[in-house]
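Chain by chain, the residues run as shown.
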Amino acid sequence: NAGVTQTPKFRILKIGQSMTLQCTQDMNHNYMYWYRQDPGMGLKLIYYSVGAGITDKGEVPNGYNVSRSTTEDFPLRLELAAPSQTSVYFCASSGGSSSTDTQYFGPGTRLTVL
Amino acid sequence: AQSVTQLGSHVSVSEGALVLLRCNYSSSVPPYLFWYVQYPNQGLQLLLKYTTGATLVKGINGFEAEFKKSETSFHLTKPSAHMSDAAEYFCAVSNNNQGGKLIFGQGTELSVKP
């Protein structure tokens, strides 16, 4: 049981390039989330999904897109990378719709845009 | 709207000393409160959570937190710090209307001196 896995661990992008951050969970969780973590700012929710085919915006969605074609996978797409997107990105999942459910986090992807 | 404030971005204690990390929240509806820990270069993992019932909540690794509604606080404590407790700690809030979404505080980095 690997939990939540993310690839890649590190990536350097040039301004204007695009990339997809991958996230997979093997716990059969319905809910999945993407956060970004900036120093001294805590975690901000980018997008979330309540099940395959259903996604919604979080607090900071601009510049990102997501899709959820399967229960396991929740990729995050950056179309035109900007320096403001330099951050650490975390994917998380939880088992149900209850707000008391624990979220399980992946190890993160550290992205630098130059 | 909900919010979380963690007092002190950095706390330093000696090994064996009391650990106290402060968290205050703002919520117009009954909150659910969480403490997550992030060890260096890792994702977040749940330390403890308050949903309903007993206001003193015990978590992993000897940590506990007390929900005080009158003070809108959920401070994290541990009687005796260990070197392995050095990490970043995040307080987070949710509620029944949030659909599982968490609002995080900005984090407190705990250092433990030998």
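Residues numbered from 1 in each chain as written. Chains lettered and ligands numbered in written order. Predicted model: local features only at pLDDT ≥ 70, side-chain atom pairs only at ≥ 80, totals over all residues. Heavy atoms only, no water.

Draft legend 1. How the structure looks around the environment of A:L21. Along the polypeptide, A:L21 turns up in strand β3 (residues 19–25). C-alpha of A:L21 to C-alpha of A:V66: the two residues are 45 residues apart in sequence and 9.7 Å apart in space. (Helix = DSSP H or I, 4+ residues; strand = E, 2+ residues; numbered from the N terminus.)

Draft legend 2. Geometry of the pairing of strand β8 (residues 73–78) of chain B. Residue and element names in this part refer to chain B. For β8, the buried fraction is high: 5 of the 6 residues fall into the buried class. As judged from the 4 bridges shared by strand β3 (residues 19–26) and β8, these two strands associate in the antiparallel manner. Along β8, the bridge assignment pairs L21 with L76. Pairing of strand β7 (residues 64–68) with β8, which is carried by 5 bridges, proceeds in the antiparallel orientation. What sits directly across from E64, in β8, is T77. The turn joining β7 and β8, which pair antiparallel and follow one another in sequence, is formed by 4 residues; a positive phi near 45° is taken by T72. (Buried < 20%, exposed > 50% of the residue type's maximum accessible area, 1.4 Å probe, protein only. Pairing = 2+ DSSP bridges.)

Draft legend 3. Geometry of the confidence of the model for chain B. Mean pLDDT for chain B: 93, with 100% of residues reaching 70 or above. Mean pLDDT values for the elements of chain B range from 93 in strand β10 (residues 103–104) of chain B up to 98 in β8(B). (pLDDT = per-residue confidence, 0-100.)

Draft legend 4. Seen up close, the pairing of strand β11 (residues 109–113) of chain A. Residues and elements named next belong to chain A. Burial of β11 is one-sided: the residues T109, L111 and V113 facing one way are buried, the residues R110 and T112 facing the other way are not. Relative to β11, strand β2 (residues 10–13) is paired through 4 bridges, and the arrangement is parallel. Each residue of the ladder has a partner; that of F10, found in β11, is R110. As paired elements, strand β9 (residues 87–94) and β11 share 3 bridges and run antiparallel to each other. Residue pairing for β11: Y89 is matched across the bridge by T109.

Draft legend 5. Spatial organisation of the side chain of A:R36. All names here are of chain A. Here R36 lies in strand β4 (residues 31–37). Side-chain polar atoms of R36 contact the backbone oxygen of S84, separated by 2.7 Å. Those residues in contact with R36, other than ones at most four positions away along the chain, are G42, L43, K44, I46, V60, Y64, S84, Q85, T86, S87, V88 and Y89. (Polar contact = N/O pair within 3.5 Å; in protein donor to acceptor, adjacent residues only side chain to side chain. Contact = heavy atoms within 4.5 Å.)

Draft legend 6. Representation of the pattern of salt bridges. Residues and elements named next belong to chain B. Counted under the stated rule, the structure contains 5 salt bridges over all chains. With its nearest N and O atoms 2.8 Å apart, the salt bridge here joins K58 to E64. For K58, a relative accessible area of 62% translates into the label exposed. A salt bridge links D85 to K78; its shortest N-O distance comes to 2.9 Å. (Salt bridge = Lys/Arg side-chain N within 4 Å of Asp/Glu carboxyl O.)

Draft legend 7. Geometry of the interface of chain A and chain B. Facing 22 residues of chain A, the contacting portion of chain B comprises 24 residues. Both faces considered, chain A and chain B share a buried interface measuring about 1700 Å² in area, 54% of it formed by carbon and sulfur atoms. Summed over the shared surface of chain A and chain B, the number is 0 salt bridges. Our count for the chain A to chain B interface comes out at 5 residue pairs in polar contact (both at pLDDT 80 or more). Taken together, the elements giving at least two residues each to the side of chain A that touches chain B come down to β4 and β5 (43–51) of chain A. With 4 residues, the single largest contributor to the side of chain A that touches chain B is β4(A). (Buried area = accessible area lost by both parts, 1.4 Å probe.)

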